[in-house]
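Notes for the structure review
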Amino acid sequence: MEQTSDRQSTDRVLAEIFGLKSFRPLQREIIESLLASQSVLGILPTGAGKSLCYQLPSQILGGLTIVVSPLIALMRDQVRSLRDRGIWAAALHHHQSGTDQEKILAAARAGVLSLLYVSPERLRQPRLVRTLAAVTVSLLVVDEAHLISQWGHDFRPDYQGIRDFRERVGLPPVLAVTATATPRVKRDIIQALALDHGPLKVVEGSVDRPNLNLSVRHVASEAEKFAEVVRRVKAEQGAVLIYTDSRARTETWARQLHRVLKEPVSSYHAGMAASDRQMVEQRFLQREVRVVAATNAFGMGVDRGDIRLVIHVGIPESLDAYYQEIGRGGRDGEPGQAFMVWHDDDLRRRKWRLRQDQPDPGIVARIVERLAADLPEGGSQPWRWEPNQEMIPVILALLEEMGYVDIEEKALTSARIERLECPWPVSLGELLTNRLITQYRYRLQRFQAMEEYLGESGPCRRERLLQYFGQALTPGPRFDCCDRCQGEQGPGPVEQSAEDLMSALRAWRHAVARERNVAPYLVFQDRVLQDICQRMPMTLEQLSGCHGVGPKKIESFGLELLAIVKAHAISPEVVPASEDSALARAFSLFESSVAFSQVLERIPRSASTVLGYLERWMSQADIDVVRAYGFSLVKTETYDLIAEAFALEGDDRLRPVMDRLQGTVTYQDLRVARAIYRRSREEKLKDVPRQ
Ligand code: ADP
Ligand code: MG
C-alpha cells in the first residue's frame, strides 16, 4: 500500500516540480531507498543524473538536505536552477560575504531552506556546525565521494571531516555519489562515512563509455609526438582537449599548436589567475576556441558535451585519473576518441615525481617538533607556513584525523588550529611517517596498472579499464573499441567491411549535419548507423526495417544511404554474417573441441562476445563435453576456489565473487567456472570429478 503511494508521489514530484517524464535507469532505485531511510552508495557515470537522486527526495522528505560538493561553479549552477523551479536552495563557500552567510544560516534555522550546498572545508566551521546541529537534517549528500578515499588519486583530507559532521547533525541517511570507483575506493567510502553502521544499499551502473575509442602510441621522440598530435587535431573537426602533465608544458603545447594549426589554442592550469581560467572556459563553451591544452585542473566544471578527441601527451598518475579525464570526451553520446601518446621521458618523469612523494622521516619529525613547541595545549592558535612546505597541511590533516588537533579554519597557507588536550606520544613523528609511507605505497601500486596500460599489446583496453573498476564488459559487437582489440584479433573480412561502412556512414552523416547546420546525432544516432551496418539493407524496404529509420528519414536519405551500403557490399563474401551464423559457427567449433584461442581467431567478434557464445553453448551442450572443454580453460584448483565463493555469494553477479577472490582470478575464469558450476548443480553432481 505504502509503496504504491510512495511511487505515486515520486512520479508526481518528478513531473510537477522537475518537469521530467520518467526516471533514468537506477534513479528510482536510489530514490526509493533514500525515502526508506536507507543510505545509498551510488556509482553512476557522468551525465547519468545523480543530482535528481537527492533533489527529488529532498522535496518529499522535508527538512534540510545538505549537499557536500567540492565545486563552487557547479553549486552555483544547481542553486540557480533549483530556484527557477521554486525550490529554496543556497550555497555556502569561501567566496561569500559574512552577511550573505548569515542570511543563509538564518533561513536554515527558520526551517525554510530546502537544500544547502557546502564545500567540505566549511564543515569545519564551528558556528556552521552548531547552527546545523539544531536543524532537522533529513539527508546528507556527498558528491564526488571518491575524494574521501586515500586510495583515490585526488584524495582530499577535508572530506574525512564529513563523518564527524554527520554525527553532529543527528546521523541522517547519506547518499554518497561518484562517477568512478575501484572496489577499494568503494570500501573506503563506506568505511569513512560509517555507512555500514545502518541500512545501506550500493547501486552501481556500468562505467563503460562505449562510444569512446581508446588508443595509445609509444613514440621515439618529442618531435614525433608533436607531429602525431598535429595530424590528429587537424583530422578532427570537433573540439579537442589535450592533457599535459605540467603547467609549463600546457603553455608550450598551446603556443606551438597555435603556430602550426593557425587557429586559437588556449592553455589552462591551476597556476593561472581565476579570471583568466574563467575566460578560457567561457570561450571554449561558446565555441570560440576549439582546442585547449590543460592540466588535470581543467574539466570538472566544464560542461561541454561535444568534445570529440581527448589527447594525453603525458602519463597520468593512475587509471582513475586517466579514466576521469577521457570521460570528458563524447558526453553527448556521439563517437569520441581517447588517444595517448608517450615516450620514455614521460615515463621517467612520472616515476621521478612519484618518488618525490616518498616521505622523509627527518622532515616529518622537524614539523612535529615545531608544532609541539608553537601550539599551546588546549589553546587555539593561528598558524602560517610557506607555500613550498606542502608537507605541513598534509601532516596537520593527519594529526586532526588522529584526534590531536582540531583545524578550525583552513586556507591555502594558513590555518587556525586548536591543540586538543591529549598528550603527544614520543613516537608521533614515526607514526605519521608510517601513515605517509602507506599512502606513498598506494600511489606506487596504483601506478602499476597505469604502466601496464601503456603497452601496445595486451588485453582489450576497455575490458582492462572496466576490470580495474571491478566491472565486466557487457558482451556485444563493438565498433572502434580500441587499438589492442584491432591488433590482437585482426578483424576478419566481415568486421573489416562493417568498420569501413561505419566510417563511411559517419562521414556522410557529418557532411549532412554540416549542410543542415545541426548536430550529427540529430541526423542519425550511432545506434541507427550500427544497425544499418549489421543488416546491410539492399532495398528501401529492408532499410526501413532498421532500427530508428522512419518514413521521413527514408524520404530524405533513403537512396543516399542505400548507395553507400551497396558500395561496401560488392563481393559476395562481405555480405555480413548475421549474429546467428557467427554463433552457430562458434558452437560447432566448441562442439569439435577446437581450442578457445583458435575459436577467437576464427570468429570475427570481440573476445568478450565469443566468451558469451561459449557460456551459451555450455549451458546446453552435453555435460561431459562441457566439463572437458571448461576444464581446459580453468584449472581445477581455480574452479574449486570459485565454486566455494559462488556457494557463499550466489552466482548471479560476478563482482562480489571477484571482490572476494581479490583479483586472483580473471573474469574469463569466473564466467567459464560459473557455466560448469551451474551445469553441475543442475545435474545434481555435488562433487565435480577432478581431471
Ligand atoms: P551527473 O551528476 O550524474 O553527472 P546531472 O545530475 O548533472 O548528472 O544530470 C545530467 C543531465 O541529465 C541534467 O541536464 C539533468 O537535467 C538531466 N536528467 C537527469 N535526470 C533526468 C531524467 N530522469 N530525465 C531527463 N533528464 C534527466
Ligand atoms: Mg554531478
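Since the structure is predicted, the reported quantities are computational estimates derived from the model, not experimental observations.

Observations concerning the packing of aromatic side chains
- Under the criterion given, the structure shown has 16 aromatic pairs.
- Aromatic rings pair up to connect Phe-590, Phe-596, Trp-617 and Tyr-629 into one cluster.
- If you follow Arg-304 out to its NZ or CZ, it ends over the ring of Phe-284, 4.6 Å from the centre.
- For Arg-484, the ring lying beneath its charged end belongs to Tyr-453, and the centroid distance is 5.9 Å.

Considerations on helix H8 (residues 183-192)
- Burial within H8 is extensive, with seven of its ten residues counted as buried.
- All of the buried residues in H8 are Pro-183, Val-185, Lys-186, Asp-188, Ile-189, Ile-190 and Ala-192.
- Looking at the buried side of H8, the elements it contacts are strand E1 (39-43), helix H7 (162-168), strand E6 (174-178), strand E7 (200-204), helix H17 (461-468) and helix H29 (654-660).

As for the pattern of salt bridges
- As enumerated under the stated definition, the model contains 42 salt bridges in all.
- A salt bridge links Glu-222 to Lys-225; the shortest N-O distance between them is 3.6 Å. Placement of the pair is Glu-222 and Lys-225 together in helix H9 (residues 222-235), with a separation of three residues, close to one helical turn.
- Note on Glu-222: relative accessible area 32%, which makes it partly exposed.
- Residue Lys-225 is classed as buried on the basis of its relative accessible area of 0%.
- In this structure, Glu-317 and Arg-446 form a salt bridge, with 3.4 Å as the shortest nitrogen-oxygen distance. Of this pair, Glu-317 sits in the loop between strand E12 (307-312) and helix H12 (319-326) while Arg-446 sits in helix H16 (residues 428-454), placing them 129 residues apart in sequence.
- One network of salt bridges, with partners in common, ties together Glu-222, Lys-225, Asp-245, Arg-249, Asp-346 and Arg-349.

With respect to the sheet that holds strand E11 (residues 291-294)
- Taken together, six strands build an open sheet; the order of strands is E8-E13-E12-E9-E11-E10 and the sheet is parallel. Each edge of the sheet is formed by a strand with only one pairing partner; in this case those strands are strand E8 (212-218) and strand E10 (265-268). The sheet shows a mean angle of 15° between the axes of neighbouring strands, taken without regard to direction.
- The sheet contact formed by strand E9 (residues 239-243) and E12 spans five bridges and is parallel. Along E12, the bridge assignment pairs Val-240 with Leu-309.
- Docked against the sheet, H9 engages E8, E9, E11, E12 and strand E13 (336-342), running at close to 170° with respect to E13.
- Across the sheet, helix H11 (residues 274-285) lies against E9, E10, E11 and E12, angled at about 140° from E10, the strand it touches most.

A short note on the packing of H16 against H17
- Their axes nearest at 11 Å, the elements H16 and H17 cross at an angle of 170°. Considering the angle they form, H16 stands roughly antiparallel to H17. Here H16 contributes Arg-446, Ala-449, Glu-452, Tyr-453 and Leu-454 to the contact with H17, which in turn contributes Arg-461, Arg-464, Leu-465 and Tyr-468.
- Here the residues of the contact of H16 with H17 sort into five nonpolar, no polar and four charged.

Observations concerning the domain arrangement of the protein chain
- Domain assignment breaks the protein chain into domain 1 (2-204), domain 2 (212-346), domain 3 (357-424) and domain 4 (476-569).
- Here the C-alpha centroids of domain 2 and domain 4 sit 28 Å apart.
- In this assembly, eight residues from domain 2 lie in contact with eleven residues from domain 4.
- Across the interface of domain 2 and domain 4, roughly 760 Å² is buried in total on both sides, 43% from carbon and sulfur atoms.
- Of all residues in domain 2, Gln-237, Glu-334 and Pro-335 give up the largest surface area on contact with domain 4, accounting jointly for 56% of the area buried on that side.
- Here domain 2 and domain 4 share one salt bridge between them.
- Note that Glu-334 and Arg-509 form a salt bridge whose closest N and O atoms lie 3.4 Å from each other.
- Inspection of the region where domain 2 meets domain 4 yields five residue pairs in polar contact (both at pLDDT 80 or more).
- For the side of domain 2 that touches domain 4, a count of residues per class yields four nonpolar, three polar and one charged.

How each quantity is defined
- Residues numbered from 1 in each chain as written.
- Chains lettered and ligands numbered in written order.
- Predicted model: local features only at pLDDT ≥ 70, side-chain atom pairs only at ≥ 80, totals over all residues.
- Heavy atoms only, no water.
- Phe/Tyr/Trp six-rings, centres within 6.5 Å; stacked < 30°, edge-to-face > 60°.
- Lys NZ or Arg CZ within 6 Å of the ring centre and 35° of its normal.
- Buried < 20%, exposed > 50% of the residue type's maximum accessible area, 1.4 Å probe, protein only.
- Helix = DSSP H or I, 4+ residues; strand = E, 2+ residues; numbered from the N terminus.
- Contact = heavy atoms within 4.5 Å.
- Salt bridge = Lys/Arg side-chain N within 4 Å of Asp/Glu carboxyl O.
- Pairing = 2+ DSSP bridges.
- Axes fitted to C-alpha atoms, helices over the stretch in contact; angles between N-to-C directions.
- Parallel < 35°, antiparallel > 145°, perpendicular 65-115°, else oblique.
- Nonpolar A, V, L, I, M, F, W, Y, C, P; charged D, E, K, R; others polar.
- Domains from an automatic or database assignment.
- Buried area = accessible area lost by both parts, 1.4 Å probe.
- Polar contact = N/O pair within 3.5 Å; in protein donor to acceptor, adjacent residues only side chain to side chain.

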